[in-house]
Amino acid sequence: MTSPHLVCLDIDGTTVDHDGHLHEPVRAAVRAVADAGHHLTLATGRAVIGTLPVLEALGLSTGYAVCANGAITLRLDPALLDGYEVLEAVTFDPAPALRVLRAEFPTALVAVEEIGVGFKVSAPFPDGELDGTPQVVSFEELMAHPVTRVTIRDPEGTDEDFLAGAERIGLHGVEYAVGWSAWLDITPEGVSKAAALETVRRRLGVEPRLTLAVGDQRNDLEMLRWAARGVAMGNAPDEVKAAADDVTGHVDEHGLVDVLRTLA
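Values in this document were obtained by computation on a predicted structure and should not be read as measured data.

Reading the values: the criteria
- Residues numbered from 1 in each chain as written.
- Predicted model: local features only at pLDDT ≥ 70, side-chain atom pairs only at ≥ 80, totals over all residues.
- Heavy atoms only, no water.
- Core = buried A, V, L, I, M, F, W, Y, C linked by side-chain atoms within 4.5 Å.
- Buried < 20%, exposed > 50% of the residue type's maximum accessible area, 1.4 Å probe, protein only.
- Helix = DSSP H or I, 4+ residues; strand = E, 2+ residues; numbered from the N terminus.
- Contact = heavy atoms within 4.5 Å.
- Pairing = 2+ DSSP bridges.
- Axes fitted to C-alpha atoms, helices over the stretch in contact; angles between N-to-C directions.
- Phe/Tyr/Trp six-rings, centres within 6.5 Å; stacked < 30°, edge-to-face > 60°.
- Lys NZ or Arg CZ within 6 Å of the ring centre and 35° of its normal.
- Salt bridge = Lys/Arg side-chain N within 4 Å of Asp/Glu carboxyl O.

## Quick look at the nonpolar core
What tends to happen in soluble globular proteins is that the nonpolar side chains get buried as a cluster. In terms of nonpolar packing, the biggest core is built from 35 residues, with Val7, Leu9, Leu40, Leu42, Leu74, Val214 and Leu260 touching the most fellow members. Elements with a contribution of two residues or more to this core: strand 1 (6–9), helix 1 (24–35), strand 2 (39–43), helix 2 (48–58), strand 3 (63–67), strand 4 (72–76), strand 12 (211–215) and helix 9 (255–260). Looking at this core, the element that brings in the most residues is helix 1, giving five residues. Excluding residues within four positions of it along the chain, Leu9 makes contact with Thr15, Val30, Leu40, Thr41, Leu42, Ala43, Val214, Leu256 and Leu260. In this structure, Val112, Val137, Met143 and Val150 belong to the second largest nonpolar core, which totals 22 residues.

Written as structure tokens, this is what we have:
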């Protein structure tokens, strides 16, 4: 086999389809790469509780996982009570960002993540968009404590609306990524999938030239640029494809499989 690589996979739109389904050809390809001795690491915007079922479905019980767009890093170990421990959780004060965002997007929904529990929200999100059972709280409660991530969602808006709004208000001291629709994730300054994965790479002792990352959205841009080989899915926006070294097939065509076959 080739030297062990660090293989970093986004989840939604990459490993699973847009309905959240993990297809058997993809599962088998991931297993083949893991069984060949490579280090498989999921790097996702999902919360911890949304990442764990995918790890289980893929049979990944050891190693690492990066959640909340890099704000949370897990070490996986089946001997631990929950099967994992939180190695790092980077938090920030959400109040300044939330105040300016509420002024710019007064009708948008807001969620803050509670690690391993779920989300506190300003109002119910569309069904299936948040993991667990979100708890509706006051806006003041959303701002009251340090958090790993804030999510802003406008079911009636578009990603272009959020991109334009975020540029108008200028968010300082945080990182932000606009998702597949009017969805904005905000994390502490300096936090990204790439930054967390670099820490994982060093822990594993994998050389930088042996890193591979696959993703499909704007929150994957830094990760694709960080990896020695960054691959964008065929369903990715043009700016994500432009940042990648290669482009594979659409998630509905199991494009990830073609990438992983080069390693297994």
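Still more ground to cover, so stick around.
## Quick notes on the sheet that holds strand 12
Two pairing modes exist for strands in a sheet, parallel and antiparallel, and in both the strands are linked by backbone hydrogen bonds. One open sheet accounts for eight strands, arranged 5-4-3-2-1-12-13-14; its pairing is mixed. Each edge of the open sheet carries a strand with a single partner, namely strand 5 (84–89) and strand 14 (246–247). Two elements, strand 12 and strand 13 (residues 229–232), share four bridges in a ladder whose sense is parallel. Its bridge partner lying in strand 13, Val214 is registered against Val231. Contacting strand 1, strand 2, strand 3, strand 4, strand 5 and strand 12, helix 6 (residues 193–204) crosses the sheet at an angle of about 170° to strand 3.

## As for the packing of aromatic side chains
One pass over the structure, following the stated rule, counts one aromatic pair. Between Phe125 and Trp183, the ring centres sit 6.2 Å apart and the planes meet at 75°, which makes this aromatic pair edge-to-face. Remark: Trp183 occurs in strand 11 (residues 183–188) and Phe125 occurs in the loop between strand 7 (118–121) and strand 8 (135–136); sequence separation between them is 58 residues. Judged by its relative accessible area of 11%, Trp183 is buried. Across from the ring centre of Phe139, 3.9 Å away, lies the NZ or CZ of Arg102, which sits over that ring.

## Observations concerning the pattern of salt bridges
Inspection of the entire model under this criterion finds 19 salt bridges. A salt bridge links Arg202 to Glu198; its shortest N-O distance comes to 2.9 Å. Of the two residues, Arg202 and Glu198 both sit in helix 6, four residues apart, roughly one turn of that helix. A salt bridge links Asp258 to Arg261, with the nearest nitrogen and oxygen atoms 3.9 Å apart. Taken together, the shared-partner salt bridges connect Asp10, Lys193 and Asp220 into one network.

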